[in-house]
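Residues per chain are reported as follows:
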Amino acid sequence: MIMPNQKIAPPSDDKRWKVVETTIRRNGSSSGALIETLHSVQEWFGYLDDEALTYVAQRLMVPMSKVYGVATFYHFFTLKPGGKHTCVVCNGTACYIKGAKQLIDAMAEKYDVKPGETSKDGELSVLSARCLGSCGLAPAVVIDGDVKGNIEADELLNVLEGVINNDA
Amino acid sequence: MTPDELMDVAQGLQEKDASIPNHVRVCTAASCLSLKSDELAKQIKAELKEVGKDKDTKVRCVGCMGLCSAGPLVSVEAEDQKPVMYQKVTVENAPQIAESVASGKKVKDLVCDTDSPFFARQQKIVLENSGIIDADDINDYIANDGYQALMTAISEMQPNEVLDEITKSGLRGRGGAGFPTGLKWNMLAKTPSDTKYIICNADEGDPGAFMDRAILESDPHRILEGMALAAYATGATEGFIYVRAEYPLAIKRLKTAIRLATKNNFLGSNIGGTKFSFSIDIRLGAGAFVCGEETALIASIEGKRGQPRPRPPFPAEKGLWGQPTSINNVETLANVAPIVRKGGEWFASIGTNKSKGTKVFALAGKINNTGLIEVPMGLSLREIVFDIGGGIPDGQEFKAVQTGGPSGGCLPEEHLDMGVDYDSLRTAGSIMGSGGMIVMDKTSNMVDVARFFMEFCMSESCGKCIPCRVGTYQMHELLNRIAEGEGTMEDLAKLEELCEVVANTSLCGLGQTSPNPVRSTLRYFRHEYLELIDGKHIPAGAGQEVAS
Ligand SMILES: Cc1cc2nc3c(=O)[nH]c(=O)nc-3n(C[C@H](O)[C@H](O)[C@H](O)COP(=O)(O)O)c2cc1C
Ligand code: SF4
Ligand code: FES
Ligand code: FES
């Protein structure tokens, strides 16, 4: 049982928790702050691990089941760390009509990853998004933050190969 | 500040701007930005310095200019010259652009024809500042009549007079359902409470659309002004913008805009020295389509899982934290300031009998000119696809146009001459939706398109009610079987039956409208289902492959 006045310490003295704490306070330190807090944790730590979720639950005095329920309900939150590189494939309508599926299939074949997964060697995470706002460039992907438009499967595999080998 | 004082400020800003001989505008909205137009802008500035024109040229980073497929777009107004637009401008072209400012001679190879129907047939209200102003500069907004409507309303009009103008305008919600905005605000105004909320729905869930994002990125103050006017008209005290976390640039620009508007007292306490106070905060969505539904959106702002609840009670009675609330779409709110500024009658003179004003569409798919367009309600699909859109590329033939995203439908050739408004689209078996418009050519398979949208609804179903949770899954399975050439006539019958059940028994709009893409493709392209059942296999998502 957690008492209202009990001081809850963050999982570590990592400075990033200070930023998270600011978010919590700004949003009233209560259950209403849950989503904003999770956004803040993910922004600074990249993903939400058990330790972080437990802390958030205690700090906001929200049952763990609720924190977990919210974290898994929203697609934006991820409970696993990502790979070294990420490739986001736009699977919006325009990109689908122009062949996004071929891109997803090509990566599945070569790296054995489906959207939402990370390759076994931890090199590549594949994500899918809905409309990047660049439908004029469909099909579009974002590789490590760089948008590439009008891309075909062969070219995509080449680019990924380059990106992955570059830091090998 | 009184309206007159604001007018003086605006005039001062306009005069200052007019005293600068040359103006260069670089589009730095999503699509052009992904082609590194921010670097292009920097390079143009550097090159202007080289040719000694940096002092008398103003370079602005502006919002979407519309023709995204020809991006990055740059517009140049050199002294005494007609404005010119340039397309597909790369960093390497920066010296040429600078040179053209210095010499007054056009860069012929890069000219984008602004007399073409793509530009000439549009009519801009919502996007009037898009591609013109710098979103991060509040002075740019003020110089273009910004906050004029708000200042006039709070110092010279009663709240019900503002309401009357909105009602008279005939404005209907642009978030999909087309509910009259005046009516919605009236309901909120009539509900007595000390605390009322205005929420801007910027969750933009249609997976093939980016109108709201472009508005937020290009002209964020317009949304703040619209929300403040809504608050004044209805007696609301606080506002929230619920925006997708996937739109970082829009979030950044909104934050800047809120900060500057508050600093200049267009938001905050005692706005413009009146008794009216209103503040706005941002809440981030987290990637759940169903959170665009208003009761789910409210749950999400309250920090919960975004699941809809039955209505009534409607948000106007019991909304955010149990208080009366109005939820309005971004584009709806973007129309409000111009309506108050120019009058409801002016707005009602544009469009059709029952659909007033303009509509912004994100035009994409198998079409030559992809981008963002704003057209008066009632323009025909043919004019949109063939005149503005420039027709179908690669010598292919038109097959269908999809409107309304996962809640909408596909319309064939025979409906091309129909005027686009809420009611005609509904009659034809689609909906206006939020404004995604995807064109398909003869290489697209309609069963595959139906499957695509069903897959979307299935993965976005919040799982609260069984017809939607189980029904979308089963419909997807059936569509999969049919698309893979393994379907039977019984499967087709079962699919049609499920369409009925899910549409009639789901709790919220997501489930209720999820069969629409299937229904409309069955209505107009039934033969494609039958051909597949007869044994022709069509690989998934393979428009191009089907053709060969
Ligand atoms: C599943 C679902 C998703 C929706 N998504 C959005 C959305 O992304 N943006 C939006 O403005 N309205 C969306 N709506 C409609 C809203 O519930 C609401 O009607 C709208 O925001 C009201 O604003 P308006 O009257 O200005 O159109 C959605 C509705 C449903 C059922
Ligand atoms: S219809 Fe679907 S999305 Fe809507 S409440 Fe039911 S399960 Fe959730
Ligand atoms: S659908 Fe892919 S960018 Fe719009
Ligand atoms: S994003 Fe530049 S024209 Fe649309």
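Because the structure is a prediction, the values reported are computed rather than measured. (Residues numbered from 1 in each chain as written. Chains lettered and ligands numbered in written order. Predicted model: local features only at pLDDT ≥ 70, side-chain atom pairs only at ≥ 80, totals over all residues. Heavy atoms only, no water.)

1. Observations concerning the domain arrangement of chain A
When the parts of a complex come together, some accessible area is lost, and that lost area is often taken as the interface size.
Right, so step 1: The domains assigned to chain A are domain 1 (16-73) and domain 2 (85-167).
Right, so step 2: Just the C-alpha atoms count here: the centres of domain 1 of chain A and domain 2 of chain A sit 30 Å apart. (Domains from an automatic or database assignment.)

2. Quick look at the packing of aromatic side chains
Residue and element names in this part refer to chain B.
Right, so step 1: Considering all chains together, one arrives at 18 aromatic pairs over all chains under this definition.
Right, so step 2: When the ring of Phe118 is compared with that of Phe119, the centres are 5.0 Å apart and the planes differ by 80 degrees; the resulting orientation is edge-to-face. Both residues of the pair, Phe118 and Phe119, belong to the buried class.
Right, so step 3: For the pair Tyr197 and Phe240, a centre-to-centre distance of 6.0 Å together with 50 degrees between the ring planes defines the contact as tilted. In this pair, Tyr197 is assigned in strand S6 (residues 197-202) and Phe240 in strand S7 (residues 238-244), connecting sequence segments 43 residues apart. (Phe/Tyr/Trp six-rings, centres within 6.5 Å; stacked < 30°, edge-to-face > 60°. Buried < 20%, exposed > 50% of the residue type's maximum accessible area, 1.4 Å probe, protein only. Helix = DSSP H or I, 4+ residues; strand = E, 2+ residues; numbered from the N terminus.)

3. Points about the packing of helix H2 (residues 34-45) of chain A against helix H3 (residues 50-60) of chain A
Residues and elements named next belong to chain A.
Right, so step 1: Running from amino to carboxyl end, H2 crosses H3 at an angle of 145 degrees, the nearest separation of the two axes being 11 Å. By crossing handedness, the relation of H2 to H3 is classed as right-handed. Contacts between H2 and H3 involve Leu34, Thr37, Leu38 and Val41 from the former and Ala52, Leu53, Val56 and Leu60 from the latter.
Right, so step 2: Residue composition of the contact of H2 with H3, by class: 7 nonpolar, 1 polar and no charged. (Axes fitted to C-alpha atoms, helices over the stretch in contact; angles between N-to-C directions. Left-handed = near helix turned anticlockwise from the far one by under 90°. Contact = heavy atoms within 4.5 Å. Nonpolar A, V, L, I, M, F, W, Y, C, P; charged D, E, K, R; others polar.)

4. A word on the site of ligand 2
Right, so step 1: By nearness alone, 13 residues border ligand 2, and B:Cys462, B:Lys464, B:Cys465, B:Cys468 and B:Cys508 come closest of all.
Right, so step 2: Taken together, the residues of the shell around ligand 2 break down into 8 nonpolar, 4 polar and 1 charged. (Near = heavy atom within 4 Å.)

5. Quick word on helix H6 (residues 100-111) of chain A
Residues and elements named next belong to chain A.
Right, so step 1: Between the first and last C-alpha of H6 there are 17 Å, a value that for 12 residues agrees with the 16 Å anticipated at 1.5 Å per step.
Right, so step 2: All buried positions along H6 are accounted for by Ala100, Leu103, Ile104, Ala106, Met107 and Tyr111. Angularly, the buried residues of H6 cover 160 degrees about the axis, an arc narrow enough to put them on a single face.
Right, so step 3: Of the residues flanking the end of H6, it is Asp112, one or two places downstream, whose phi is positive at about 60 degrees. (Expected span 1.5 Å × (residues − 1). Arc of directions from axis to C-beta.)

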